[in-house]
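# Summary of structural features
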Amino acid sequence: MVGLVVVCHEDMGVELVKAAEMIVGKIAAVATVSVKQDSAPEMLRAEIEGAIKKVDGKKGVMLFTDMFGGTPSNIALAFLGDTVEVVTGVNLSMMIKFANHRDEKPLAELARLVQEAAQKSVVIASQMLKGKK
Amino acid sequence: MALFVRIDDRLIHGQVVEGWVQYLKATRILVADDRVAANALQRSIMEIAVPQGLTVTIGGIEDICGQVRAAGENERAILLFSNPTDVLRALKSGLLCQSINLGGMRYIPGKRKLREVLSVDDADIASLRAILARGITVCIQSVPNEKPLQLTKVFEACSLS
């Protein structure tokens, strides 16, 4: 099972995990890191490092961050490696896709899968309806 | 070069890229930080983490000061430092500025928290005092739509002036 750490501004990650659990049930091996206005970068680094260790089941760890270019991403990207992948722009679809495939998919494939799920979940309703006609 | 000098321990991040860059209509970000300049991974993270059309230059303190002097007059740029001691070094090596934006020096153990985004140790206090003694205005302000707060007022309130 691939481990998961969700790193977001404020408690967005905590709430996102709660929301996903509402849909898929309890999610195991997940940790969250909340980046607050007063969080110092080196404290955040230490917190992410601890979270990765906590959820690591030796099948790799995925870090989800809320926005490319923000502090959660910038700090998380430094952990990128053979056993750690970072995917930015987390949303509920990404969380659910992850929870449903983390047991059977290897890290790299899982990353592509969740990216696709997240991107597909952004639609403009009126345009989607027009396309159907 | 129209230069906006900021102290922020996160260097390039959302508040800078989404907030200040838009507000100042800056086209360039300069990062003066020896530690980041020496770390290839950190450097590339910062270089890719900005919108298109924005140039990012990362270098050691003295290197960046040289680039500021050499830059074109019409350029609008944000110059980022992670701490006031680095700013003081830059001032000593010829950086000219009248005001400094204090965006974030966040709490780590061993520092004293003065404000939400301002925590200091003795070295920070000494450097900030030396900057103020040069007649430079230092204002605490994380994002453009927040009211700036004079550092001297905070120092007075915390019996540090």
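Provided above is the structure to which this section pertains.
Before going further, it helps to spend a moment on the pairing of strand E6 (residues 112-115) of chain B. Direction of pairing for E6(B) relative to strand E7 (residues 118-120) of chain B: antiparallel, over a ladder of 3 bridges. Bridge pairing in E7(B) links B:Arg115 to B:Leu118.

As a further point, take the packing of helix H5 (residues 84-92) of chain B against helix H6 (residues 122-133) of chain B. Residues and elements named next belong to chain B. One way to put it is that H5 packs onto H6 with a least axis distance of 8 Å and a crossing angle of 40 degrees. Here H5 and H6 pass one another in a crossing that is left-handed. Two secondary-structure elements touch here, H5 through Pro84, Thr85, Val87, Leu88 and Leu91 and H6 through Ala123, Asp124, Ser127, Leu128, Ala130 and Ile131. Each residue belonging to the contact of H5 with H6 can be placed in one class, and the counts come to 8 nonpolar, 2 polar and 1 charged.

The next subject is the packing of helix H1 (residues 12-24) of chain A against helix H4 (residues 92-101) of chain A. Residues and elements named next belong to chain A. The contact between H1 and H4 brings their axes to 9 Å, and the two run at 55 degrees. Judged on the interaxial angle alone, H4 and H1 are oblique. Crossing of H1 over H4 shows right-handed handedness. Contact residues: Leu16, Ala19, Ala20, Ile23 and Val24 in H1; Leu92, Met95, Ile96, Ala99 and Asn100 in H4. Here the contact of H1 with H4 is built from residues that sort into 9 nonpolar, 1 polar and no charged.

Adjacent strands of a sheet pair through backbone hydrogen bonds, lying either parallel or antiparallel. All names here are of chain A. Spatial strand order, E2-E1-E3-E4: 4 strands in an open sheet with parallel pairing. Taken across any chain shown, the strands that pair with only one partner, and hence form the sheet edges, are strand E2 (30-35) and strand E4 (84-88). Averaged over neighbouring strand pairs, the angle between their axes works out to 20 degrees when direction is ignored. Relative to E4, strand E3 (residues 61-65) is paired through 5 bridges, and the arrangement is parallel. By the bridge assignment for E4, Leu63 is matched with Val86.

Here the focus is the pairing of E2(A). Residue and element names in this part refer to chain A. The buried count for E2 comes to 5 of 6 residues, which makes it a mostly enclosed element. Relative to E2, strand E1 (residues 3-9) runs parallel, the two sharing 6 bridges. Across the sheet, the residue bridging to Val7 is Val33, located in E2. With H1 bridging E1 and its parallel neighbour E2, the resulting β-α-β unit is right-handed.

This part covers the interface of chain A and chain B. As a measure of interface size, the accessible area lost when the parts come together is often cited. Each partner contributes to the interface: chain A provides 16 residues, whereas chain B provides 15 residues. Of all the secondary structure elements, the ones that give two or more residues to the side of chain A that touches chain B are helix H2 (41-55) and helix H3 (71-76) of chain A.

All right, on to the sheet that holds strand E1 (residues 2-8) of chain B then. All names here are of chain B. Reading across the sheet, the 7 strands line up as E3-E2-E4-E1-E5-E8-E9 and stay open at both edges, with mixed pairing between neighbours. Whereas interior strands pair on both sides, the edge strands pair on one side only; in this sheet they are strand E3 (55-59) and strand E9 (149-150). Sheet analysis places E1 next to strand E5 (residues 99-104), joined by 4 bridges and oriented parallel. Counted as the bridge partner of Asp8 is Gly104 from E5. Against the sheet, helix H4 (residues 61-70) touches E1, strand E2 (28-32), E3 and strand E4 (76-81), its axis set at about 150 degrees to E2.

Rules used in this analysis
- Residues numbered from 1 in each chain as written.
- Chains lettered and ligands numbered in written order.
- Predicted model: local features only at pLDDT ≥ 70, side-chain atom pairs only at ≥ 80, totals over all residues.
- Pairing = 2+ DSSP bridges.
- Helix = DSSP H or I, 4+ residues; strand = E, 2+ residues; numbered from the N terminus.
- Axes fitted to C-alpha atoms, helices over the stretch in contact; angles between N-to-C directions.
- Left-handed = near helix turned anticlockwise from the far one by under 90°.
- Contact = placed C-beta atoms within 7 Å.
- Nonpolar A, V, L, I, M, F, W, Y, C, P; charged D, E, K, R; others polar.
- Parallel < 35°, antiparallel > 145°, perpendicular 65-115°, else oblique.
- Buried ≥ 20, exposed ≤ 12 C-beta atoms within 10 Å, placed from the backbone.
- Right-handed = clockwise from strand over helix to strand, strands pointing away.

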